[in-house]
Amino acid sequence: MKTQSRQRFASITGVALAGALALSACGSDNNAATTPVASNGAANAADCPTGTLNGEGSSAQKNAIEEAIRTFQEKCSGATVNYAPTGSGAGIKQFIAGQVDFGGSDSALKTKEKDGKIEADDAAKACGSPAWNLPMVTGPVAFAYNLKGVDKLIMTPDVSAKIFNGVITTWNDPAVAAINPGVTLPAKAIKVFFRSDDSGTTDNFTKWLNAAAPAAWPAEPAKKWTGKGEGKPQNTGVATAVKDTDGGVTYTEWSFAKDNNLGIAQIDNGGGAVELSADSVGKSVATAKQVGTGNDLSLKLDYATKEAGAYPVLLVTYEIVCSKAKDPSKVALTKAFLKHFSSADTQKSLEALGYAPLPDAVQTKVTAAIEALS
Amino acid sequence: MPSITGVSAVDELPGPEGRGPALKDHAAGTGRLGDRLFGGAARGAGVLVISLVTLIAVFLLSQALPALVKNKANFLTSSEWTVGGDSPRFGIANLAWVTISSSVIAMAIAVPVGVCVALFITQYSPAWLSRPAAALIDLLAAVPSIIYGIWGAFVFGPHITGFQNLLNTYLGWLPFFGNDTDGVDSSGTIFFIGIVLSIMVLPIVTALSREVFAQTPITHREGALALGATKWEMIRTAVLPFGKPGVISASMLGLGRALGETVAVLIIVSSLPGGSEWSWSLFNGGETFASKIANNAAEFDSAQKTGAFVAAGLVLFVLTFIVNAIARVVIERRKAFSE
């Protein structure tokens, strides 16, 4: 009896071990694109302070900031940067509570009262100096679809709004056909998938619908979905649902649409169809108006822009920092990391992950603001 | 005997000379150090668990109350869910419906099948098979729920839609199998998650039922056979009545897992857009208490929002409590009859 149970134990251990090995073998990290960023072997001490920096917030910039952290720590072995992608709301909350050195958010700190609080004032109080919103990552939102035999699709805000509102329910609807001359559209039902969790992607996508097609999408833009369809959690949820559904359509971050080989519609805001690319997104960011004063670089995107070649559906994530750090020992590290993050090399490397680099004009301003941190 | 039957052996067997069960016999303590240490540790553990549960309840209540007071909709009957702003409106009707209906489906499948599997292992299968089969089933219980979720969503899911359509076509006159109002066409339905949950619950029901069936006194079984019962009649008259409290306890443990299951539900079930029409159809989507909370945990940025979700959690807590209480009552009554 005793030997028997020992044998059984041994065989179970064996199975567990084999399983663990198999799992670890699969665990390749596909997030870390191996883009060698100019690693300055001769990085001097000013570029590479030592210490630990903690950030928390938006999950929309998760892959981007992780890539930036990876390359930064490669360059500066004495520095540690941690980022917890817990969501923009949590990031702002932790930043105001003084728990983290910087917050990540897909919308700038609000200057208007909401739920009895004014975020910008609370943050300034917590910092003892104004908090600055520094745009760092631009993430385009793709109109992603899965339709056999249709490789090229053009979408206007009006038709998109009607699709996501449940007004247009089949792909060969005259309204879809009218803006896609020469494309044979199948008589399939349109199956809409939306983000079931509150998300900045939903917020920005509905901001576009509401700004560019207010008649078809009268609902106030919000993080919570207000249209029709089936809800799936996170970008992964909606993207895989569309992948598995012929006739499916969703809005998702660019990288998820690319990774799942979904069709990405060109967007026609009225100035001609624009393909989603790093250039067309950059053009859109460049036309954004700065609403923050001085070095507070919060941007107001023009979702209804009719500028030719500008892709209008995107979100910008900000790093939120105290203009005068509460902990002076961290100033050098904060500056070094943000400078690295906003540098042209790092920004360029983010393209492979589905983000668009900051346009030069914005990047110059961000660099100036980082220099002014104290 | 394991206490999973809900009726521990010591409760049933009178101690020597008709005194109470041995454990309650304080006179047995000798006052030695080891006795006192062990007694103290056991008491401490008991107090710890009770105070933990009480504190969790207090925490849930204190977090939920402020939000509940501000709530403008009926918390129990509304299916709105707007938790931000000055006049929040939220209610749990839909969450409760999805949670309970999916769990009921799971139990309706898992309990009969689980009992049959347990009977097979203990009564029918040859000895060389019963041991590995039991081990395999225990292994199934150890699979984390996310694995079931992913498997359900990507492997099993695509095959279920045909069956759902079949039920819908032929049994569509039943409201449960009727058409849903908002058109969840994929496998992300309450019906489907019920099936996946049943697979998750099955090993729990089976493992515990197996244990109790195996404890059936040999005298009962031989007595039944001696009276001319066939094998099935022996099982029906001796094994099942003896194991019934255990099966109920096992089902309650399983039901607890089904009610509280989070990740698999989150991955599989399509949620509905706000303001959807109420539907009794099981081919509709929705969210359970647990999946709703998990899905929105990242956005708990104000006390009011958090409070609303905690209030939903509180309902789940109370629901589980009620279910367990009912189970206790049933078991107690069984005990009265079987003695």
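Just so it is clear, the structure is predicted and the values come from calculations on it, not from any experiment. (Residues numbered from 1 in each chain as written. Chains lettered and ligands numbered in written order. Predicted model: local features only at pLDDT ≥ 70, side-chain atom pairs only at ≥ 80, totals over all residues.)

1. Examining the overall build of chain A
Within chain A, the secondary structure is distributed over 13 helices and 14 strands. The buried share of chain A, reckoned over its 374 residues, is 51%. Here the contacts in chain A between residues at least 6 apart in sequence split such that 73% fall between residues at least 24 apart. (Helix = DSSP H or I, 4+ residues; strand = E, 2+ residues; numbered from the N terminus. Buried ≥ 20, exposed ≤ 12 C-beta atoms within 10 Å, placed from the backbone. Contact = placed C-beta atoms within 7 Å.)

2. Details of the environment of glutamate 67 of chain A
Note on placement: glutamate 67 of chain A falls in helix H2 (residues 62-75). Linking glutamate 67 of chain A and threonine 346 of chain A, residues 279 residues apart in sequence, is a C-alpha distance of 8.3 Å.

3. Some details on helix H3 (residues 88-96) of chain A
Residue and element names in this part refer to chain A. Most of H3 sits out of view: nine of its nine residues are buried. Listing the buried residues of H3 in full gives Ser88, Gly89, Ala90, Gly91, Ile92, Lys93, Gln94, Phe95 and Ile96. Those residues of H3 that are buried are in contact with strand S1 (51-57), strand S3 (102-105), helix H4 (119-127), helix H7 (200-212) and strand S14 (314-322). Downstream of H3 by a residue or two, glycine 98 has a phi angle that is positive, lying close to 75°.

4. Comments concerning the confidence of the model for chain B
Residues and elements named next belong to chain B. Per-residue confidence for chain B averages 84 on the pLDDT scale, and 88% of its residues sit at or above 70. For chain B, per-element mean pLDDT is lowest for helix H1 (residues 9-12), which scores 46, and highest for helix H3 (residues 93-124), which scores 94. Note on residues 1-16: pLDDT is under 50 here. Beyond four places in sequence and across chains, it has 30 contacts. Prediction confidence for the complex, expressed as pTM and ipTM, is 0.78 and 0.76 respectively. (pLDDT = per-residue confidence, 0-100.)

5. Considering the sheet that holds strand S5 (residues 154-155) of chain A
Residues and elements named next belong to chain A. Taken together, three strands build an open sheet; the order of strands is S5-S10-S11 and the sheet is mixed. Unpaired on one side and paired on the other, S5 and strand S11 (273-274) mark the two borders of the sheet. As paired elements, S5 and strand S10 (residues 266-268) share two bridges and run parallel to each other. When the sheet's bridge partners are listed, isoleucine 154 is paired in S10 with glutamine 266. (Pairing = 2+ DSSP bridges.)

6. Some thoughts on the packing of helix H6 (residues 190-214) of chain B against helix H8 (residues 231-260) of chain B
Residue and element names in this part refer to chain B. Interaxial distance between H6 and H8 falls to 8 Å at its minimum, and their mutual angle equals 150°. As far as their axial angle goes, H8 and H6 are roughly antiparallel. In this structure, H6 crosses over H8, and the sense of that crossing is right-handed. Of the residues in H8, those in contact with Leu197, Met200, Val201, Ile204, Val205, Leu208, Ser209, Val212 and Phe213 of H6 are Val239, Gly243, Gly246, Val247, Ser249, Ala250, Ser251, Leu253, Gly254, Arg257 and Ala258. Partitioning the contact of H6 with H8 into residue classes produces 13 nonpolar, six polar and one charged. (Axes fitted to C-alpha atoms, helices over the stretch in contact; angles between N-to-C directions. Parallel < 35°, antiparallel > 145°, perpendicular 65-115°, else oblique. Left-handed = near helix turned anticlockwise from the far one by under 90°. Nonpolar A, V, L, I, M, F, W, Y, C, P; charged D, E, K, R; others polar.)

7. Observations concerning the pairing of S1 of chain A
Residues and elements named next belong to chain A. With six bridges connecting them, S1 and strand S2 (residues 79-84) associate as parallel partners. Pairing of asparagine 54 across the sheet is with asparagine 82, part of S2. In this view, the connection linking S1 to its parallel neighbour S2 by way of H2 has right-handed handedness. Sheet analysis places S1 next to S3, joined by three bridges and oriented parallel. Bridging from a neighbouring strand, glutamate 56 pairs with glycine 103 of S3. (Right-handed = clockwise from strand over helix to strand, strands pointing away.)

8. Brief notes about the pairing of strand S6 (residues 191-195) of chain A
All names here are of chain A. With five of five residues buried, S6 lies mostly within the body of the structure. Covered by surrounding structure in S6 are Lys191, Phe193 and Arg195 together with Val192 and Phe194, the residues of both alternating faces. Where S6 and strand S8 (residues 248-253) come together, two bridges link them in parallel fashion. Its bridge partner being in S8, valine 192 is matched across the sheet by valine 249. Looking at chain direction, S6 and strand S7 (residues 230-232) are connected through three bridges and run parallel. Looking across to S7, one finds that arginine 195 is bridged to lysine 232. Read as a crossover between parallel neighbours, the route from S6 over H7 to S7 is right-handed.

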